[in-house]
Amino acid sequence: MNNSIKTDDIIFNFFKQICDEKDDKKCVELGNNWINAMETNLDNMEKNLDEANKIKHKEDIKSNRDHLNSLKGKNASEWREYATKCMVEIMDNKTQ
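Residues numbered from 1 in each chain as written. Predicted model: local features only at pLDDT ≥ 70, side-chain atom pairs only at ≥ 80, totals over all residues. Heavy atoms only, no water.

*Asks:* Which residues make up the pattern of salt bridges, and what values do they have?
*Replies:* Within the structure shown, the criterion is met by nine salt bridges. Residues Lys 94 and Asp 9 are paired through a salt bridge, measuring 2.3 Å at the closest nitrogen-oxygen approach. Residue Lys 94 is found in helix α5 (residues 76-95), and its partner Asp 9 is found in helix α1 (residues 2-20); the two are separated by 85 residues along the sequence. Residue classification places Lys 94 among the partly exposed residues on the basis of a relative accessible area of 38%. On the basis of relative accessible area, Asp 9 is assigned to the partly exposed category, the value being 30%. The partner of Asp 66 in a salt bridge is Lys 62, and the shortest N-O contact between them spans 2.8 Å. Placement of both Asp 66 and Lys 62 in helix α4 (residues 58-71) is noted, with a separation of four residues, approximately one turn of the helix. Look at Asp 66 and you get partly exposed, because its relative accessible area is 38%. Given the relative accessible area of 44%, Lys 62 is considered partly exposed. Look at the salt bridges and you will find they share partners, linking Asp 43, Glu 46 and Arg 65 into a network. (Salt bridge = Lys/Arg side-chain N within 4 Å of Asp/Glu carboxyl O. Helix = DSSP H or I, 4+ residues; strand = E, 2+ residues; numbered from the N terminus. Buried < 20%, exposed > 50% of the residue type's maximum accessible area, 1.4 Å probe, protein only.)

Okay, structure coming up:
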């Protein structure tokens, strides 16, 4: 449990950086870095799955990739809005 709390804190702080960044270009850069990191995580998870689990989780993986693709091309304002929603969701999950 402690591990997931720390992970949530790290993710929360990353999204807070996006929200707090005053330079729009840097804000978009942070958002794009988020996409790249999550795509790498998905690639690594997929590589570590055996064939049965690849089939089992195929739709979840596709859904995650589709979500990441939907984030590409966002401007700074859109990234700040997305990051704020993610931070709220993290906080809501901590209180449950």
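*Asks:* Before we move on, can you summarise the packing of aromatic side chains with the specific residues and values?
*Replies:* Using the criterion set out here, one finds five aromatic pairs in the structure. Summarising the aromatic geometry, the rings of Phe 14 and Phe 15 are spaced 6.3 Å apart at their centres and angled 70° between planes, so their arrangement reads as edge-to-face. Phe 15 gets classed as buried once you look at its relative accessible area, which sits at 3%. For the ring pair Phe 15 and Trp 34, a centre distance of 4.7 Å and an interplane angle of 55° mean the geometry is tilted. Residue Phe 15 is located in helix α1, and its partner Trp 34 is located in helix α2 (residues 24-48); the two are separated by 19 residues in the primary sequence. Both residues of the pair, Phe 15 and Trp 34, belong to the buried class. Taken together, the aromatic side chains of Phe 14, Phe 15, Trp 34, Trp 79 and Tyr 82 make up a single cluster linked through ring pairs. (Phe/Tyr/Trp six-rings, centres within 6.5 Å; stacked < 30°, edge-to-face > 60°.)

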